Amino acid sequence: MRVAVIGAGVIGLSTALCIHEQYHSLVPSLEMEVYADRYTPHTTSDGAAGLWQPYLSDHGNLQETLWNKETFDYLLGHLGSPAAKEMGLFLISGYNLFTQPVPDPSWKNIVLGFRNLTPKELELFPGYSYGWFNTALMLECRSYLPWLTNRLMQRGVKFFHKKVESFQEVSGDGMDVVINCTGVRAGELQPDPELQPGRGQVIKVLAPWVKHFIITHDTESGIYNSPYIIPGSEFTVLGGIYQHGNWNEENSAQDHKTIWENCCRLLPALQKAKIVQEWSGLRPARPWVRLERETVRHEHFQAEVIHNYGHGGFGITIHWGCAMAAARLFGSILQEKKLASPPQPRL
Amino acid sequence: MAAPKVAVVGAGVIGLSTALCIAETCPSCSVMVLSDQFSPNTTSDIAAGMLIPHTYPGTPMHVQKQWFKETFTYLFAISNSAEASEAGIHLVSGWQVFKNTPKEELPFWSDVVLGFRPMSEAELQKFPQHRFGQAFTTLKCDCPPYLLWLEKRLKATGVQMYTRKVADLWELHSEYNIVVNCAGIGAHQLVGDEKLFPVRGQVLKVHAPWVKNFIRDGDGLTYIYPGIHRVTLGGTREKESWSLSPDPGATKGIFDRCCSLEPSLRGAQDIKVKVGLRPSRQCVRLQREVLSQGGVKLPVVHNYGHGAGGFSVHRGTAKEAARLVGECIAALQGSSLRAKL
C-alpha cells in the first residue's frame, strides 16, 4: 500500500517516521513517499530557534497540552542517547518575563524546575516585575530534519521534490493514504479559512556568552510580539515579531530595527554581537491544530487523508504528540481496510 | 611623600584585580604590575572561573561570605552591562549533585547566588547515581577575556605592566614604597611560605557548544562548566604535586566521569588538556608585613593562597588588600612626618 506524506518540515518528517516505525513490520507492502516543494534548510521549521515551549495559555485545549507533554517526555528520553547531538537536542534553562503577575502555565509541571523569579533575578531585567525560570529543551531543526531524513531514507522511504497541487496527484487507485502536513500553505490543497500566516522575522547573531533563553511577554501585543533571545548550539536567535495575516516572506527593515533595539535593550552586551543572518517565515496559525481524518472524493478518485497542520509557533513543541496521534488515525484506517487485523488463531 | 609607588607582583586574577582596586582607591598612587607570566599563561587562565566558593578552614565564615558577596555583586553588574562579552562575564545555570546527601544542605553562599533551591525529583532523574542536588544560577569569568579586560582597565587608569621575574621581594625596595605580593603559587619560592602547597588540577577544554548548563559533583572532583567558546571538564585534586605535564590517565578519567554526568559530551571535539597548580593554604594570606634590612623598611601586603576559590573571592580580597595598602601609605606618611620633626 502507498502512503504519501506531503510536507517535509518537522511535522511531515516526524509523522512519516512515526507511522513507518509503527506499521512497517505489520504491513510489509507499505511504501511511503514524501513530497514537498521545500526541504531543509528552506522549511518554516528551519527558521525556528527550536525551543520547546507552548503558548502561555492552552485556552482549555487539553488535547494540545497532552501532545506537548508527550513530545517533551519523548525528547527528554532521548537526551542521554548517542543520537542527541545529531538530532540537535539539548537542555537549556531560561527566563520568561512579564510586566505583571500571571497565572502559571499549563506546562509548568512538564518542564524541569519551574519556579518564579526572585527579586534579585528581576534586577537583570528592568521593566519586568514578574517572571518564571525553568529548564526546557532545544531541538534545532537544522540538525533534526536531516536526522529524520536519514532515518527515513534508511527505511527505504523515497523523497520527491515537487509542489503537490492536489490530493489526487499523489495517490493512485486502491487503498492509499495521504498525510497532509503542508503547514501554512495547506489552504492551497483544500481551502481552510481558519489557517492564517503568523509572520515572524528573526536575526541570527554570534553571542556565545548567552547561555539562557529570555522570552518577554506583553499581554497587549500578543504572543511573539515581544522580544525574545534564544541561544542555539552555534547562533543566538533574536526575535519578537508576529503579524497575523501577513504572507510576506521578505525581511523587513522596520522589523529588523524593532527586533534589534528591543533585544539590545534587554541584553546590552548584544550590541557587540555579530549579525550572521536574517530570516522571515510564516507560522501556520490556526485556532487549534487540524489533526483528523477525511475521505476525499473527486470523480472516480477516493483517498483517506490524515490532516496534520496548523501548529502555529509551537510545531516543534507539539510535533511528536501529533505524529503519534496521526499514527493512531493511520492504524484505524488499516484496521478498517483489514490490513492490520490481529493475527488469527490457527485451527 | 610624593605619589607612593606600589609594585604588585603577580598578574593572575588576584594580581590584576588587586592592582585595579589600589588604583581605584588611591588615585595618587603610581601602581605597577610585575610578573613573569601574563594571560594566557597564568594559573587563572586554566581555571574555569566559576563563582562557586571554596571553603577556607582558617578564615572566619562571615569574612568568606563577605568576600564572595562583594565579588558576586561586582561581576553581576558587569554581566548586566554592554561590556559583559568583552569582560568574559556571563551567567550560567546548573546543578550541583551529590551521591550522598551532604551534611550541610545549605552552603553559606546559597543566598548570594541566584535562585538557589533543591533539585526536583524530575531533575534528579537525569543523574541516576546521585540522590540529592541543588539548582542555582551563578556567574562565570572566562579567561583570558576577563584578565585581558582587567589589563585594559589598568592601562586606562595609568597602571603599567612589566614582564619581570622577581626572585626576592626585597629587590624591589629601592624602586618602590610598597610591594603587594599576589604571586599565587609562586609565593612558595618567593617568600618561602611552607604553608602554601600546590593542589594540581588537570582540566579538559572542549568544543561542545550545545552544553548550556553547568553540572558539578558535590565532591568537587567532577565538573562541567560551559564557557563562552569552550566547556571546561574537570578535574583532579592532587595535593603536593608540582607537575605541569598533562597526565593521559587523568585525561581519560576526567572525560569518562564527565560523560557519565552528561553523555552528550562523547561528541565533544578538539579536546585540549591543561594543568594548573591551585595555590592552596588553610587560609588566604591577606595581611601586612614589614621587611627590613639595615634600617631600611619595605612594607608588604600579602594577598595569596586562594587555592580553588580565587575567582569566587577575588574582588573581596582585592579590596581588602587595597585597604591594607592604604594603611601602609598612612603609616609611611606618619613616619615621614615624624622624621621631619
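About the cut-offs
- Residues numbered from 1 in each chain as written.
- Chains lettered and ligands numbered in written order.
- Predicted model: local features only at pLDDT ≥ 70, side-chain atom pairs only at ≥ 80, totals over all residues.
- Heavy atoms only, no water.
- UniProt positions renumbered as here; feature names shortened; annotations may be inferred.
- Helix = DSSP H or I, 4+ residues; strand = E, 2+ residues; numbered from the N terminus.
- Contact = heavy atoms within 4.5 Å.
- Expected span 1.5 Å × (residues − 1).
- Buried < 20%, exposed > 50% of the residue type's maximum accessible area, 1.4 Å probe, protein only.
- Arc of directions from axis to C-beta.
- Polar contact = N/O pair within 3.5 Å; in protein donor to acceptor, adjacent residues only side chain to side chain.
- Phe/Tyr/Trp six-rings, centres within 6.5 Å; stacked < 30°, edge-to-face > 60°.
- Lys NZ or Arg CZ within 6 Å of the ring centre and 35° of its normal.
- Salt bridge = Lys/Arg side-chain N within 4 Å of Asp/Glu carboxyl O.
- Pairing = 2+ DSSP bridges.
- Axes fitted to C-alpha atoms, helices over the stretch in contact; angles between N-to-C directions.
- Disulfide = S-S within 2.5 Å.
- Parallel < 35°, antiparallel > 145°, perpendicular 65-115°, else oblique.

The name recorded for chain B in an unreviewed UniProt entry is D-aspartate oxidase, from Spheniscus mendiculus. Per its UniProt entry, chain B bears the Sequence similarities (unreviewed entry) comment "Belongs to the DAMOX/DASOX family." On record in UniProt, under Function (unreviewed entry), the comment for chain B is "Selectively catalyzes the oxidative deamination of acidic amino acids. Suppresses the level of D-aspartate in the brain, an amino acid that can act as an agonist for glutamate receptors. Protects the organism from the toxicity of D-amino acids. May also function in the intestine."

Looking at an unreviewed UniProt entry, chain A carries the name D-amino-acid oxidase, with the source organism given as Spheniscus mendiculus. Recorded in UniProt for chain A, the comment headed Cofactor (unreviewed entry) runs: "FAD". Note on chain A: under the UniProt heading Sequence similarities (unreviewed entry), the record states "Belongs to the DAMOX/DASOX family."

A. Here's a closer look at the UniProt feature "binding site: D-serine" (unreviewed entry) in chain A. Residue and element names in this part refer to chain A. Cross-referencing UniProt, the feature "binding site: D-serine" (unreviewed entry) maps to Tyr228, Arg283 and Gly313 in the present numbering. With respect to the helices and strands, tyrosine 228 occurs in strand β10 (residues 228-231). Those residues in contact with tyrosine 228 that lie beyond four places of it in its chain are Val202, Ile214, Ile215, Val237, Leu238, Gly239, Gly240, Cys263 and Arg283.

B. Expanded view of helix α8 (residues 253-266) of chain A. Residues and elements named next belong to chain A. Between its terminal C-alpha atoms α8 stretches 20 Å, which fits the 20 Å expected from 14 residues at 1.5 Å a residue. Those residues of α8 that fall on the buried side of the exposure criterion are Asp255, Ile259, Trp260, Cys263, Cys264 and Leu266. In an axial view of α8, the angular spread of the buried residues amounts to 150°, which keeps them on one side of the axis. Residues of α8 that are exposed and angled more than 90 degrees away from the buried face: Ala253, Gln254 and Arg265. N-capping of α8 is provided by serine 252, with a side-chain oxygen placed 3.3 Å from the backbone N of glutamine 254.

C. Quick peek at the packing of aromatic side chains. This structure, assessed with the given rule, holds 28 aromatic pairs over all chains. A centroid spacing of 6.5 Å and a plane angle of 20° characterise the contact between tyrosine 224 of chain A and tyrosine 242 of chain A, whose relative ring orientation is stacked. Taken together, the residues tyrosine 224 of chain A in the loop between β9 (212-216) and β10 and tyrosine 242 of chain A in the loop between β11 (236-239) and β12 (243-244) connect sequence positions 18 residues apart. One exposure class covers both tyrosine 224 of chain A and tyrosine 242 of chain A, and it is buried. Seen from their ring centres, tyrosine 223 of chain B and tyrosine 225 of chain B are 4.8 Å apart, and the 20° between their planes marks the pair as stacked. Exposure remark for tyrosine 225 of chain B: the relative accessible area of 6% places this residue in the buried category. Above the face of the tyrosine 176 of chain B ring, lysine 5 of chain B is positioned so that its terminal group lies 6.0 Å from the ring centre. Sitting over the face of the ring of tyrosine 74 of chain B, arginine 315 of chain B holds its NZ or CZ atom 3.9 Å from the ring centroid.

D. Molecular detail of the pattern of salt bridges. Per the stated rule, a full pass over the model turns up 38 salt bridges over all chains. Linking aspartate 104 of chain A and lysine 108 of chain A is a salt bridge whose minimum nitrogen-to-oxygen distance equals 3.0 Å. Residue lysine 108 of chain A is classed as partly exposed on the basis of its relative accessible area, which comes to 30%. The salt bridge partner of lysine 252 of chain B is aspartate 256 of chain B, with a shortest N-O separation of 2.6 Å. Remark: aspartate 256 of chain B and lysine 252 of chain B occur in helix α8 (residues 248-261); sequence separation between them is 4 residues, near one turn of the helix.

E. Examining the UniProt feature "binding site: D-dopa" (unreviewed entry) in chain B more closely. Residues and elements named next belong to chain B. On the UniProt side, "binding site: D-dopa" (unreviewed entry) is annotated at positions that read Tyr223 and Arg278 here. With near-sequence residues (within four places) excluded, tyrosine 223 lies in contact with Val203, Ile215, Arg216, Thr232, Leu233, Gly234, Gly235, Cys258 and Arg278. For arginine 278, the position within the fold is in strand β13 (residues 269-280). Given a relative accessible area of 14%, arginine 278 falls into the buried group. In this view, arginine 278 contacts Ile185, Phe197, Pro198, Val199, Arg200, Gly201, Tyr223, Thr236, Arg237, Gly307 and Ala308; residues no more than four positions away in its chain are not counted.

F. Summary view of the side chain of threonine 18 of chain B. As for its placement among the helices and strands, threonine 18 of chain B is situated in helix α1 (residues 13-25). If near-sequence neighbours (up to four positions away) are discounted, threonine 18 of chain B is found in contact with Val180, Cys182, Asn303, Ala318 and Ala321 of chain B.

G. Just the sheet that holds strand β14 (residues 290-298) of chain A, in detail. All names here are of chain A. The strand order β6-β2-β1-β7-β15-β14 describes an open sheet built from 6 strands, whose pairing is mixed. A single partner strand is all that each edge strand has here, and the edge strands are β6 (158-161) and β14. Neighbour to neighbour, the strand axes of the sheet diverge by 20° on average, direction disregarded. Looking at chain direction, β14 and strand β15 (residues 301-309) are connected through 9 bridges and run antiparallel. Opposite valine 296, over in β15, you have alanine 303 as the bridge partner.

H. Fine view of the state of the cysteines. Taken as a whole, this structure holds 1 disulfide over all chains when the rule is applied. Cysteine 181 of chain A provides the cysteine sulfur closest to cysteine 141 of chain A, a residue in no disulfide bond, and the two sulfurs are 14 Å apart. Overall, cysteine 141 of chain A belongs to the buried group, its relative accessible area being 2%. Considering cysteine sulfurs only, cysteine 182 of chain B is the nearest to cysteine 283 of chain B, which forms no disulfide, with 16 Å between them. Looking at cysteine 283 of chain B, the relative accessible area reads 23%, which means it is partly exposed.

I. Inspection of the pairing of strand β3 (residues 89-98) of chain A at higher detail. Residues and elements named next belong to chain A. Most of β3 sits inside the fold, with 10 of its 10 residues counted as buried. Burial along β3 is two-sided: the residues Leu89, Leu91, Ser93, Tyr95 and Leu97 and Phe90, Ile92, Gly94, Asn96 and Phe98 are all buried. Sheet topology note: the β3/strand β5 (residues 130-139) ladder contains 10 bridges and is antiparallel. From the neighbouring strand, leucine 91 faces β5, where its bridge partner is leucine 137. Two strands pair when backbone bridges link them, and β3 and β9 are joined in this way by 5 bridges, in the parallel orientation. Counterpart to serine 93 in the pairing with β9 is histidine 212.

J. Local environment of the packing of helix α3 (residues 62-78) of chain A against helix α9 (residues 315-336) of chain A. All names here are of chain A. At a minimum axis separation of 6 Å, α3 and α9 run at an interaxial angle of 105°. Put simply, α3 runs roughly perpendicular to α9. Facing Glu64, Trp67, Asn68, Glu70, Thr71, Tyr74 and Leu75 of α3, the residues of α9 in contact are Ile316, Thr317, Ile318, His319, Trp320, Gly321, Cys322, Met324, Ala325 and Arg328.

K. Region of interest: the environment of alanine 327 of chain A. Residues and elements named next belong to chain A. Looking at the element boundaries, alanine 327 is found in helix α9. Judged by its relative accessible area of 0%, alanine 327 falls in the buried class. A sequence separation of 205 residues divides alanine 327 from leucine 122, and the C-alpha atoms of the two residues are 44 Å apart. Residues contacting alanine 327, with those up to four places away along its chain left out, are Cys18, Ile19, Gln22 and Tyr23.

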